[in-house]
Amino acid sequence: MNALAPRLDAARAEAPVGTPGGAPAVSLAAQVAADFPILTRRVRDKRLVYLDNAATTHKPEAVIEAERAFYRESNANIHRGVHWLSQHATDLYEGARERVQRFLNAARSEEIVFTRGTTEAINLVAWSWGRANLKPGDEILVTGMEHHSNIVPWQLVCEQTGAVLKAVPLTDRGELEPGAFEAMLGPRTRLAAIVHVSNALGTVNPVAAMIERAHAAGALVLVDGAQAVAHQAVDVQALGCDFYAFSGHKLYGPTGIGALYARHELLAAMPPWQGGGDMIRTVSFEGSTWADPPARFEAGTPNIAGGVGLAAAIDYVTGIGLPRIAAHEHALLEYATEAALRIPGLRLIGTAPGKTGILSFMVEGIHPHDLGTILDAEGVAIRAGHHCAMPVMTRFGIPGTARASLAIYNDERDIDALMAAIRGAQRMFGTGARP
Ligand code: PMP
């Protein structure tokens, strides 16, 4: 008797993923595949089946070319130069900021601070806003499905300020325990720091409703959008969030660039968190004064080419259209979920009804790391481990999961290759036979 069978039946009943009426999964992938040069690469003498998109996505030619063109034709340092090339590079970088503003529908470009990515954006809020505003006994509320980058910065700032970190528990499907977020918001809650889409489970949180509840309780809200922006349209004004963080490299853009959106009145009142060039108004040995946002939070020479590449990635994604991307990925997730549930001994971790294209799973009798290595031999790239979300693994009582995560260029062939490789691993381990 397969001990996992009842759980699989439950998971089957609980996983109505997919967007009704979504576009056929192959069409978008077929259309965009040629845009991604790396996809023609053979890995271990096999076709590359890249299913590690939640870690980082590949880059289309348009992004690669934008960075290359910047260094070939426009390279100079920005903001301080009087010469033509410096002004030209500044225009490109500030133009990128406006692209991010429009992408998130922020009210003004000064609300966009460039960072190295989501991690740095959250650290910026923790060190600047957190240290200035948190007092002993104040509370920061996160969810039980946060990435470490939305836990550890708050723990560090709690150590310094005496504030307390609390986490909303999860259900067996990997959703927030109903009513728990509201119940845990209290008069001491100063900030709710919540993940939009879980990288370990794929769960999409109802952030708009959570923001409303948090505001009603007098708390600010930071949203970690690392796994959201490439998969669904985000409108920070419609959401009403106070802070929104994302990374360019999970959005088909370069590594080392991302952004923090913050409401202007908050940014204007926040102190600097790093000192150096570009963030000051005046400097003397008696003391210094600060530039207005966003410059106040961008000390030193930034990743200028990265900003230009990120703008190209945003143009690429918006050119396709996020609703179309979401429909493609939902249809493919539905296909993958159905295929996964046909494999005996496979247990899905994360079966919330609202999910993006993340399939986290365990295969009975095979450690996720062994599975990852065996799949790699077939050219199938997945992630294995805790996915920087150790509290999620603790909640489910597991060491880690195998995770396949989808992007625009994935299609049914990739899912078929994944499932065939999993069945191959089961044959190798002598597991997976039907009872
Ligand atoms: N939050 C979530 C939900 C993530 O998935 C990740 C990346 N795995 C991060 C934050 C951190 O992003 P980065 O490493 O690009 O700063």
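What you see is a predicted model, and the numbers here were worked out from it, not measured in a lab.

Student: Which residues make up the overall build of the protein, and what are the values?
Tutor: Assigned secondary structure in the protein consists of 15 helices and 17 strands. The globule rule puts the C-alpha radius of gyration for 435 residues at 22 Å, and the 22 Å found for the protein is close to it. Projecting the C-alpha coordinates of the protein onto the three principal axes gives extents of approximately 75 × 55 × 35 Å. When the accessible surface of the protein is summed, it comes to about 17,500 Å², and 54% of that surface belongs to carbon and sulfur atoms. With 38 positive and 44 negative side-chain charges, the protein shows a spacing of 4 Å between the two charge centroids.

Student: Any chance you could break down the environment of Asp235 for me, citing the residues and the numbers?
Tutor: With respect to the element layout, Asp235 can be found in the loop between strand S8 (220-224) and helix H9 (236-239). Of the residues examined, Asp235 reaches a relative accessible area of 28% and is grouped as partly exposed. The spacing of Asp235 and Gln155 is 80 residues in sequence and 29 Å in space, taken between C-alpha atoms. Ignoring sequence-local partners within four residues, the contact set of Asp235 consists of Leu104 and Asn105. Of the polar contacts made by the side chain of Asp235, one reaches the backbone nitrogen of Ala238; its length is 2.9 Å.

Student: Please give an account of the packing of aromatic side chains that cites residues and values.
Tutor: Inspection of every chain in the model, using the stated rule, returns seven aromatic pairs. On the numbers, 5.8 Å between centres and 85° between planes, the contact of Phe36 with Tyr316 is edge-to-face. Placement of the pair is Phe36 in the loop between helix H2 (25-32) and strand S1 (42-43) and Tyr316 in helix H11 (residues 304-320), with a sequence separation of 280 residues. With a relative accessible area of 1%, Phe36 lands in the buried category. An aromatic cluster is defined as three or more aromatic residues linked by ring pairs; in this entry it consists of Phe36, Tyr252, Tyr316 and Tyr409.

Student: An account of the pattern of salt bridges is requested, with residue identities and associated values reported.
Tutor: Applying the stated criterion across every chain yields a total of 23 salt bridges. Glu94 is the salt-bridge partner of Arg97, the closest N and O atoms lying 2.7 Å from each other. Taken together, the residues span about one helical turn, with Arg97 and Glu94 both in helix H4 (residues 84-104) at a distance of three residues. A salt bridge links Arg97 to Glu298; its shortest N-O distance comes to 2.8 Å. Residue Arg97 is located in helix H4, and its partner Glu298 is located in the loop between strand S12 (287-290) and H11; the two are separated by 201 residues in the primary sequence. A residue is classified by how much of its surface remains accessible, and Arg97, at 2% relative accessible area, is buried. One connected set of salt bridges, linked through shared partners, spans Asp52, Arg383 and Arg403.

Student: Can you break down the side chain of Asn150 residue by residue, with the values?
Tutor: On the secondary structure map, Asn150 appears in the loop between strand S5 (139-143) and helix H6 (152-161). Apart from residues no more than four positions distant in its own chain, Asn150 is found in contact with Ile122, Val142, Ala193, Ile194, Val195, Leu222 and Asp224.

Student: I'd love a proper account of the sheet that holds strand S9 (residues 243-247), names of residues and values included.
Tutor: Sheets are built from strands paired through backbone hydrogen bonds, the pairs being either parallel or antiparallel. Strands sit in the order S4-S10-S9-S8-S7-S5-S6 across an open sheet of seven strands; the sheet is mixed. Each edge of the sheet is formed by a strand with only one pairing partner; in this case those strands are strand S4 (112-115) and strand S6 (164-168). Adjacent strand axes in the sheet meet at a mean angle of 20°, parallel and antiparallel pairs treated alike. Its contacts with the sheet put H4 on S4, S9 and strand S10 (258-262), and the angle it makes with S4 is roughly 115°.

Student: Can you lay out the nonpolar core for me, pointing to particular residues and giving the numbers?
Tutor: If you look at the biggest cluster of nonpolar residues, it comprises 78 residues, and the most contacted ones within it are Val100, Leu104, Phe181, Tyr244, Leu251, Ile408 and Tyr409. In terms of residues, this core owes the most to one element, H11, which gives 11 residues. Composition of this core by domain shows at least three residues from each of domain 1 (2-51 + 322-426) and domain 2 (64-317). When near neighbours in sequence (up to four residues on either side) are disregarded, Leu104 contacts Ile112, Val229, Val234, Asp235, Val236, Phe246 and Tyr261. Val363, Leu371, Ile382 and Ile415 belong to the second-largest nonpolar core, a separate cluster that totals 29 residues.

Student: Got a sec to walk through the site of the ligand? Specific residues and values, please.
Tutor: The full set of residues close to the ligand is Thr118, Thr119, His147, Ser149, Val195, Asn199, Asp224, Ala226, Gln227, Ser247, His249 and Lys250. Separating an oxygen atom of the ligand from a side-chain N or O atom of Thr119 is a distance of 2.6 Å. Side-chain polar atom of Lys250 to a nitrogen atom of the ligand: 2.8 Å apart, as the coordinates give it. Against a free-state accessible area of 400 Å², the protein chains account for coverage of 85% of the ligand. For the shell around the ligand, the class distribution of residues is two nonpolar, eight polar and two charged.

Student: Tell me what's going on with H11, and back it up with residues and numbers.
Tutor: Here H11 contains 17 residues, and its C-alpha end-to-end distance of 25 Å stays within 8% of the 24 Å for a straight helix at 1.5 Å per residue. By the criterion of burial, H11 is predominantly enclosed, with 14 of the 17 residues buried. Near the N-terminus of H11, the side chain that reaches the backbone nitrogen of Gly306, with its oxygen 2.8 Å away, is that of Asn303. Just past H11, the residue Gly321 takes up positive phi, approximately 105°.

Student: If you had to explain the packing of helix H13 (residues 368-377) against helix H15 (residues 412-429) to someone new, which residues and values would you point to?
Tutor: Running from N to C, H13 and H15 cross one another at 115°; their axes reach a closest spacing of 9 Å. Along this stretch, H13 crosses H15, giving a crossing that reads as right-handed. Touching Asp370, Leu371, Ile374 and Leu375 of H13 are Leu418, Ala421, Ile422, Ala425, Met428 and Phe429, all from H15. Here the residues of the contact of H13 with H15 sort into nine nonpolar, no polar and one charged.

Student: Give me the domain arrangement of the protein: which residues, what numbers.
Tutor: One can read the domain layout of the protein as domain 1 (2-51 + 322-426) and domain 2 (64-317). Each of domain 1 and domain 2 has a C-alpha centre, and the two are 29 Å apart. If you look at the interface, domain 1 gives 34 residues, while domain 2 gives 31 residues. Contact with domain 2 buries surface across domain 1, with Leu322, Thr356 and Arg395 losing the most and accounting together for 23% of the total. Where domain 1 packs against domain 2, one counts one salt bridge. The shortest N-O distance in the salt bridge between Asp172 and Arg395 comes to 2.8 Å. Mapped onto the side of domain 1 that touches domain 2, the elements with two or more residues apiece are helix H12 (322-341), strand S14 (358-363) and helix H14 (390-396). With six residues, H14 is the largest single contributor of residues to the side of domain 1 that touches domain 2.

The rules we used
- Residues numbered from 1 in each chain as written.
- Predicted model: local features only at pLDDT ≥ 70, side-chain atom pairs only at ≥ 80, totals over all residues.
- Heavy atoms only, no water.
- Helix = DSSP H or I, 4+ residues; strand = E, 2+ residues; numbered from the N terminus.
- Rg over C-alpha atoms; globule rule 2.2 N^0.38 Å.
- Areas by Shrake-Rupley, 256 points an atom, 1.4 Å probe, with all protein chains shown as cover.
- Lys, Arg positive; Asp, Glu negative; His and termini not counted.
- Charge placed at Lys NZ, Arg CZ, Asp CG, Glu CD.
- Buried < 20%, exposed > 50% of the residue type's maximum accessible area, 1.4 Å probe, protein only.
- Contact = heavy atoms within 4.5 Å.
- Polar contact = N/O pair within 3.5 Å; in protein donor to acceptor, adjacent residues only side chain to side chain.
- Phe/Tyr/Trp six-rings, centres within 6.5 Å; stacked < 30°, edge-to-face > 60°.
- Salt bridge = Lys/Arg side-chain N within 4 Å of Asp/Glu carboxyl O.
- Pairing = 2+ DSSP bridges.
- Axes fitted to C-alpha atoms, helices over the stretch in contact; angles between N-to-C directions.
- Core = buried A, V, L, I, M, F, W, Y, C linked by side-chain atoms within 4.5 Å.
- Domains from an automatic or database assignment.
- Near = heavy atom within 4 Å.
- Nonpolar A, V, L, I, M, F, W, Y, C, P; charged D, E, K, R; others polar.
- Expected span 1.5 Å × (residues − 1).
- Left-handed = near helix turned anticlockwise from the far one by under 90°.
- Buried area = accessible area lost by both parts, 1.4 Å probe.

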